[in-house]
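Below, each chain spelled out in residue letters.
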Amino acid sequence: MTMNEKEVLDALKKYREMDLKYEDGRILGSMCTKPHPISRKISEMFFETNLGDPGLFKGTKKLENEVIQMMGNFLNNNNPFGCIISGGTEANITAMRTIKNISRKKGNKSTTVILPETAHFSFEKAREMMDLQYINPPLTNYYTMDVKYIKDYIEDSKNRIDAIVSIAGCTELGTIDNIKEISKLAEENNIYLHVDAAFGGFVIPFLEDKYKLDNYNYEFDFSLNAVSSITIDPHKMGLAPIPAGGILFRDISFKKYLDVEAPYLTDTHQSTLIGTRTGIGVASTWGVMKLLGEEGYKNIVSECMDNTYYLIKKAKEYGFKPVIDPILNIVALRDETPLKTCLKLREVGWYVSICKCVGALRIVLMPHIQKEHIDGFVEALSSIKKN
Ligand code: 0PR
């Protein structure tokens, strides 16, 4: 049965009304947020673009090159190769595909990667698809990879390692591995280093010193010699609309490990996993980055960090304890029955998530969260705990 335009739009509106809205401040466990308003206009302008056939959309392709260069600039790389793709999952799978193909080219039959237990589950998808072997080093008190364990593991002559994955802003706690030390080890031993900065990539470069903990290493980008690739998602703290994930490589030499022949396209090789892909994420990321600039992102990150400290202060007043001092705008509050608490909070309209590496509720202080939402949430949490 067909509908006229009004009927279609009215019906869709009803579905859309069932969704939660970021601006209501109830979404406390998401790494996404309301995109910057300019992206509405940009999405309309680029809505039919397809970077799967870049020769047809030369302007959009040029924008992609420019946006990769712009992201490279704040990641200390003047000459990156990369793509704006569907998200952090695709970016991490792309990095693992590169690692596997490099290993195969060297004649290895298996691919072994060191990565933390705290790694995002997208790496599990990659492991399963590509038959990778993972080594999980123990975690330190700060929930980062134990560098000494990695060193001993690599130096043990029985072990061959193809790559190390480290996290700059881990999903559950926002922690950053000691990537400076890991990079030294990787460099000395000629090992590929991938950094998952899907979340932290648009936070750490804009983090003011006053929010940084003493004796904590925040370095994560291409200024560290061994870093070969970085996942960094504009659709998280970059304020671009979904889909906009990012994968950046140190230089164009990595492209050959990803290219497959696509002889009938305008560009005869394709390196992305996804074929047909929208240019909306590319153009929106370009637009939002140009509009906000470094100052704009700094302000946004500072506001989120202020709210992070505000939540911790408020939570402590009510007797709740953070697992660690915050590194980025993610807070984990200790809870013995996190799933139960999470479900009870949902019943009263608050949506948090939970950690798996420690018994805790997880709250991500995205730009849509305001202090009044934090007040309401902590009060709701407290009354749930009393009953
Ligand atoms: N790497 C890290 C460090 C991540 O935290 C995430 C997603 C990814 C990779 C994968 O990114 P995509 O989801 O873009 O493929 N982290 C969030 C999470 O799992 C994703 C998310 C976002 C979940 C919004 C819920 C939500 O409402 O927590």
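Attention in this report is confined to the structure presented alongside it. Everything quoted here is computed from the prediction, not taken from an experiment.

Turning next to the side chain of threonine 118. In this fold, threonine 118 is placed in the loop between strand S2 (112-114) and helix H5 (122-130). In this structure, threonine 118 is in contact with Leu139, Tyr143, Cys170 and Cys357, ignoring residues within four places of it in sequence.

Another point: the packing of aromatic side chains. Per the stated rule, a full pass over the model turns up twelve aromatic pairs. Plain terms: the ring middles of tyrosine 192 and phenylalanine 254 are 5.9 Å apart, the flat faces sit at 85° to each other, and that makes the pair edge-to-face. Of this pair, tyrosine 192 sits in strand S5 (residues 192-196) while phenylalanine 254 sits in the loop between strand S7 (245-249) and strand S8 (260-261), and the two are 62 residues apart along the sequence. A centroid spacing of 5.7 Å and a plane angle of 20° characterise the contact between phenylalanine 249 and phenylalanine 254, whose relative ring orientation is stacked. Take phenylalanine 249 and phenylalanine 254: they sit in the same class, and that class is buried. The aromatic ring of tryptophan 350 is capped on one face by arginine 26, whose charged end is 4.0 Å from the ring centroid.

The full set close to the ligand counts 17 residues, and Thr89, Thr171, Asp196, His235 and Lys236 are the nearest of them. Within the side chain of histidine 235, an N or O atom sits 2.9 Å from an oxygen atom of the ligand. Considering the ligand on its own, with 590 Å² of exposed area, one finds that the protein chains cover 76% of that surface. Each of two domains, domain 1 (5-34 + 294-386) and domain 2 (38-289), supplies a minimum of three residues to the shell around the ligand.

Attention now moves to the pattern of salt bridges. Applying the stated criterion to the full structure yields 20 salt bridges. Among the salt bridges present, the one from lysine 212 reaches aspartate 209, with a minimum N-O distance of 3.7 Å. Judged by its relative accessible area of 28%, lysine 212 is partly exposed. Relative accessible area serves as the criterion here: at 63%, aspartate 209 is assigned to the exposed category. Here lysine 314 ties to aspartate 375 by a salt bridge, and the two come within 3.4 Å at their closest N and O atoms. Taken together, the residues lysine 314 in helix H8 (residues 280-317) and aspartate 375 in helix H10 (residues 371-386) connect sequence positions 61 residues apart. Residue classification places lysine 314 among the buried residues on the basis of a relative accessible area of 14%. Taken together, the shared-partner salt bridges connect Lys61, Glu64 and Arg277 into one network.

Now for helix H1 (residues 5-17). Compared with an ideal rise of 1.5 Å per residue, which puts 13 residues at 18 Å, H1 spans 18 Å between its outermost C-alpha atoms and is within 8% of the ideal. With a side-chain oxygen lying 3.1 Å from the backbone nitrogen of lysine 6, the N-terminal cap of H1 falls on asparagine 4.

Calculation rules
- Residues numbered from 1 in each chain as written.
- Predicted model: local features only at pLDDT ≥ 70, side-chain atom pairs only at ≥ 80, totals over all residues.
- Heavy atoms only, no water.
- Helix = DSSP H or I, 4+ residues; strand = E, 2+ residues; numbered from the N terminus.
- Contact = heavy atoms within 4.5 Å.
- Phe/Tyr/Trp six-rings, centres within 6.5 Å; stacked < 30°, edge-to-face > 60°.
- Buried < 20%, exposed > 50% of the residue type's maximum accessible area, 1.4 Å probe, protein only.
- Lys NZ or Arg CZ within 6 Å of the ring centre and 35° of its normal.
- Near = heavy atom within 4 Å.
- Polar contact = N/O pair within 3.5 Å; in protein donor to acceptor, adjacent residues only side chain to side chain.
- Areas by Shrake-Rupley, 256 points an atom, 1.4 Å probe, with all protein chains shown as cover.
- Domains from an automatic or database assignment.
- Salt bridge = Lys/Arg side-chain N within 4 Å of Asp/Glu carboxyl O.
- Expected span 1.5 Å × (residues − 1).

Honestly, that's just the spatial picture; any functional story needs more than this.
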